[in-house]
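# Descriptive analysis of the structure
Next come the chains, spelled out residue by residue.
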Amino acid sequence: MNKILMRTESIKRYFKGKNKTTFKAVDGISFTLHKGEVISFVGPNGAGKTTLIRSISGYLVPTSGKIEIMGLNLAKKPREARQKMGVVFGGDRGFYNSASAYDNLAFFARLLNVKEKDVKNNVLNALEIVNLLNVKDKYVGSFSKGMMQRLHIARGLVNKPEILMLDEPTAGLDVESVYTVRALIKNLKEAGHGIILTSHDMADIETLADTIHLIGGGKLVFSGNTDQIKEFAGVDANTSLEKAYLAIAPKLKRRL
Ligand SMILES: Nc1ncnc2c1ncn2[C@@H]1O[C@H](COP(=O)(O)OP(=O)(O)OP(=O)(O)O)[C@@H](O)[C@H]1O
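Residues numbered from 1 in each chain as written. Predicted model: local features only at pLDDT ≥ 70, side-chain atom pairs only at ≥ 80, totals over all residues. Heavy atoms only, no water.

Using the following cut-off: UniProt positions are given in the numbering used here, feature names are shortened, and annotations may be inferred rather than shown by experiment.
An unreviewed UniProt entry annotates the chain as ABC transporter ATP-binding protein of Lactobacillus mulieris. In the Sequence similarities (unreviewed entry) part of its UniProt record, the chain is described as follows: "Belongs to the ABC transporter superfamily."

So this is what it looks like as structure tokens:
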């Protein structure tokens, strides 16, 4: 097995519920992410996926548990640990539309403390990876949705992180762009990045994820590759992951 890039031990994130109760949004989740691995968290609305992702990316402090990113404890060395991780939220926003793709990425590179002497190289390298080098001087406002999504991924790569967190990377894209983004994610995986992928599109997960973690009621219910998930669901190996998930979904509902 490849080197471990991220390791979590029993992450819990509780919120105050009604009438002084405690609501266990995430309730003891442990997992590992290896170099060159794509992992995905799948579960119904309210299962705790966003809370988990926000906790491991340093946006939310967990109630308890340990998060280690490339050997660095996220709670103790937040700045250094977060440098190892590119967090990519897609969508139409997040860039200066009247500035070029290059200038946008250079701005974010500096914000991420990339050394001045490395900014140009890092930006050009990120643009090359997502195949936008030929439009580096074009205004971002003129980009199509597919190009925007690739630019978001480039933004996540601009400080050369080992880990990438991709949130719904194909949402709202046309079929051709979906394929382009999936191919890009495969290339990033082959280049050795560890990738945490969230998607409501089961075809994304079936084509990309090495390990799927099923989350229900804040807990890991089952983890495995697509074949193991299908076996767990009790469906035939030729059944789509989407159908397998539908067979499991009732088991993942939060019991209130
Ligand atoms: N700040 C908060 N205060 C109180 N409860 C919260 C807070 N954030 C999330 N929750 C609750 O925690 C539970 C898990 O929410 P979360 O958004 O993590 O689920 P999810 O799996 O990402 O769902 P979705 O697929 O809808 O995005 C939900 O019941 C939500 O209402």
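## Considering the overall build of the chain
Stated precisely, the cut-off is as follows: Segments assigned H or I by DSSP are reported as helices when at least four residues long, segments assigned E as strands when at least two residues long, and all are numbered from the N terminus. Within these notes, the globule rule equals 2.2 Å times the number of residues to the 0.38 power, and the radius of gyration is based on C-alpha atoms. Each residue gets one of three labels from its accessible area relative to the maximum for its type: buried under 20%, exposed over 50%, partly exposed in between, using a 1.4 Å probe on protein chains only. In this analysis, two residues are considered to be in contact whenever any of their non-hydrogen atoms come within 4.5 Å of each other.
Secondary structure assignment for the chain yields nine helices and ten strands. Taking 2.2 N^0.38 as the reference for a compact globule, 256 residues should give roughly 18 Å; the C-alpha atoms of the chain span a radius of gyration of 19 Å, in line with that estimate. Expressed as lengths along the three principal axes of its C-alpha atoms, the size of the chain is roughly 50 × 45 × 40 Å. For the chain, the proportion of its 256 residues judged to be buried stands at 47%. Once local pairs closer than 6 in sequence are excluded, the contacts in the chain between residues at least 24 apart make up 65%.

## What to know about the nonpolar core
Here is the rule: Residues belong to a common nonpolar core when they are buried Ala, Val, Leu, Ile, Met, Phe, Trp, Tyr or Cys residues joined through side-chain atoms within 4.5 Å.
One finds Val123, Leu151 and Ile153 to be the most contacted residues of the largest nonpolar core, which totals 51 residues. Apart from the residues within four sequence positions on either side, Ile153 is in contact with Val88, Val130, Leu166, Val181, Leu184 and Leu188. Ranked by size, the runner-up nonpolar core spans 23 residues in total, among them Leu5, Val26, Met165 and Ile215.

## So, the UniProt feature "domain: ABC transporter" (unreviewed entry) in the chain
Here the UniProt-annotated "domain: ABC transporter" (unreviewed entry) positions come out as residues 6-242. As annotated, residues 6-242 comprises 36% helix and 27% strand, and the C-alpha atoms at either end are separated by 28 Å.

## Description of the sheet that holds strand 2 (residues 22-34)
Spelled out, the test is: Pairing between two strands requires that DSSP report at least two bridges joining them. Between the N-to-C directions of two axes lies an angle of 0 to 180 degrees, each axis being a line fitted to C-alpha atoms and, for a helix, fitted only over the stretch in contact.
Reading across from one edge, 2-1-4-5 is the order of the four strands in this open sheet, with antiparallel pairing throughout. Two strands close off the open sheet at either side, each with one partner strand: strand 2 and strand 5 (72-73). As paired elements, strand 4 (residues 64-69) and strand 5 share two bridges and run antiparallel to each other. For Glu68, the partnering residue across the bridge sits in strand 5 and is Asn73. Along the sheet, helix 1 (residues 49-56) contacts strand 1 (4-16), strand 2 and strand 4; its crossing angle with strand 1, the most-contacted strand, is approximately 120°.

## Quick notes on the pairing of strand 2
Two strands pair when backbone bridges link them, and strand 1 and strand 2 are joined in this way by ten bridges, in the antiparallel orientation. Within strand 2, the position partnered with Tyr14 by the bridge is Lys24. A loop of five residues connects strand 1 with strand 2, the two strands running antiparallel in sequence, and Asn19 in this loop sits at a positive phi of about 50°.

## Digging into the environment of Ala81
Relative to the helices and strands, Ala81 is located in helix 2 (residues 78-83). Note on Ala81: relative accessible area 0%, which makes it buried. C-alpha of Ala81 to C-alpha of Gly216: the two residues are 135 residues apart in sequence and 28 Å apart in space. Residues within four places of Ala81 in sequence aside, it is in contact with Ile69, Leu72 and Leu74.

## A word on the site of the ligand
Quick reminder of the rule: Residues are labelled near a given molecule or strand when at least one of their non-hydrogen atoms is within 4 Å of it. Under the convention used here, a 1.4 Å probe and the Shrake-Rupley method define accessible areas, while residue burial counts only the protein chains that appear. In this classification, Asp, Glu, Lys and Arg are treated as charged, Ala, Val, Leu, Ile, Met, Phe, Trp, Tyr, Cys and Pro as nonpolar, and every other residue, Gly included, as polar.
Close contacts around the ligand come from Phe15, Phe23, Ala25, Pro44, Asn45, Gly46, Ala47, Gly48, Lys49, Thr50, Thr51 and His200, and that covers them all. In the complex, 60% of the free accessible area of the ligand, which totals 640 Å², lies under the protein chains. Listing elements by their share of the shell around the ligand, those giving two or more residues are strand 2 and helix 1. Broken down by element, the shell around the ligand gets its largest block of residues, three residues, from helix 1. Of the residues in the shell around the ligand, the class split is five nonpolar, six polar and one charged.

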